[in-house]
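Results of the structural survey
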Amino acid sequence: MTLVQEVITIGLCALGTMMTRFLPFLIFSSRKPAPKYIQYLGRALPPAIFGMLVVYCLKGVSIVSGSHGLPELLAIAVVVGLHLWKRQMLLSIAAGTLCYMLLVQFVF
């Protein structure tokens, strides 16, 4: 890409990001409550997205070959255990990722 194309691409990405951040505040006023379906989506989408991410991350795991999915299972156990104990999402995700990477690099 030329320099002009790179600048245009970065500008469009920044504009798209800003629109997704600012548009809900422009559409929904703070003076009146959000519509019921928006409130429902706010409650239903986060667990659905996390479920989809788990399925995506585990789609390539084979329990009949290699390490039989043990590093993934142990890392998931760390994430769930830490989240139930501390209720800190970032801590749980970071510790699970670190656990998985250490297991894959040094154990399996």
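Below is a summary of the structure that appears in this document. Computed from a predicted structure; not experimentally measured.

**Some details on the layout of surface pockets**
- Approximately 670 Å³ is the volume attributed to the largest pocket.
- The wall of the largest pocket is formed by 18 residues, among which Val54, Cys57, Ile76, Val79 and Ile93 lie closest to the centre.
- Those elements that provide at least two residues to the lining of the largest pocket are helix 2 (36-58), helix 3 (70-86) and helix 4 (89-107).
- The greatest single-element share of the lining of the largest pocket, amounting to 7 residues, is contributed by helix 3.

**A word on the packing of aromatic side chains**
- The full count for this structure, using the stated rule, is 0 aromatic pairs.
- Lying across the ring of Tyr56, Lys59 places its NZ or CZ 4.7 Å from the centre.
- Lying across the ring of Trp85, Lys86 places its NZ or CZ 4.5 Å from the centre.

**Looking at the packing of helix 3 against helix 4**
- In contact at an axis separation of 8 Å, helix 3 and helix 4 are set at 155 degrees when each is read in the N-to-C sense. Relative to helix 4, the element helix 3 is oriented roughly antiparallel. Considering the relative orientation of helix 3 and helix 4, their crossing is right-handed. Residues Pro71, Glu72, Leu74, Ala75, Val78, Val79, Leu82, His83 and Lys86 of helix 3 form the contact with helix 4, whose own contacting residues are Met89, Leu91, Ser92, Ala95, Gly96, Cys99, Tyr100, Leu103 and Val104.
- For the contact of helix 3 with helix 4, the residue count by class is 13 nonpolar, 3 polar and 2 charged.

**What about the side chain of Glu72?**
- Following the sequence through the fold, Glu72 ends up in helix 3.
- Despite its burial, Glu72 pairs with no opposite charge; the closest candidate is Lys59, at 11 Å N-O.
- Those residues in contact with Glu72, other than ones at most four positions away along the chain, are Leu58, Val61 and Tyr100.

**Some words on the environment of Ser65**
- Mapped onto the fold, Ser65 is located in the loop between helix 2 and helix 3.
- Within the local environment of Ser65, its side chain forms a polar contact with the side chain of Ser62, the two groups lying 3.1 Å apart.

**Things to note about the state of the cysteines**
- Inspection of the entire model under this criterion finds 0 disulfides.
- Unpaired in this structure, Cys99 has its nearest cysteine sulfur neighbour in Cys57, at a distance of 14 Å.
- Accessibility expressed as a relative area gives 18% for Cys99, which makes it buried.

**Let's talk about helix 4**
- Between the first and last C-alpha of helix 4 there are 26 Å, a value that for 19 residues agrees with the 27 Å anticipated at 1.5 Å per step.
- Considered for burial, the residues of helix 4 that qualify are Ser92, Gly96, Cys99 and Leu103. The arc that holds the buried residues of helix 4, viewed along the axis, is 65 degrees, so those residues lie on one side. More than 90 degrees from the buried face of helix 4, the exposed residues found are Leu90, Leu98, Gln105 and Phe106.
- Elements that come into contact with the buried residues of helix 4 comprise helix 3.

Rules used in this analysis
Residues numbered from 1 in each chain as written. Predicted model: local features only at pLDDT ≥ 70, side-chain atom pairs only at ≥ 80, totals over all residues. Heavy atoms only, no water. 1 Å grid on protein atoms, 1.4 Å probe; cavity = no way out; pocket = protein on both sides within 12 Å on 5 of 7 lines; lining within 4 Å. Points joined across faces, edges and corners; volume = space filled by probe spheres on them. Helix = DSSP H or I, 4+ residues; strand = E, 2+ residues; numbered from the N terminus. Phe/Tyr/Trp six-rings, centres within 6.5 Å; stacked < 30°, edge-to-face > 60°. Lys NZ or Arg CZ within 6 Å of the ring centre and 35° of its normal. Axes fitted to C-alpha atoms, helices over the stretch in contact; angles between N-to-C directions. Parallel < 35°, antiparallel > 145°, perpendicular 65-115°, else oblique. Left-handed = near helix turned anticlockwise from the far one by under 90°. Contact = heavy atoms within 4.5 Å. Nonpolar A, V, L, I, M, F, W, Y, C, P; charged D, E, K, R; others polar. Buried < 20%, exposed > 50% of the residue type's maximum accessible area, 1.4 Å probe, protein only. Lys, Arg positive; Asp, Glu negative; His and termini not counted. Salt bridge = Lys/Arg side-chain N within 4 Å of Asp/Glu carboxyl O. Polar contact = N/O pair within 3.5 Å; in protein donor to acceptor, adjacent residues only side chain to side chain. Disulfide = S-S within 2.5 Å. Expected span 1.5 Å × (residues − 1). Arc of directions from axis to C-beta.

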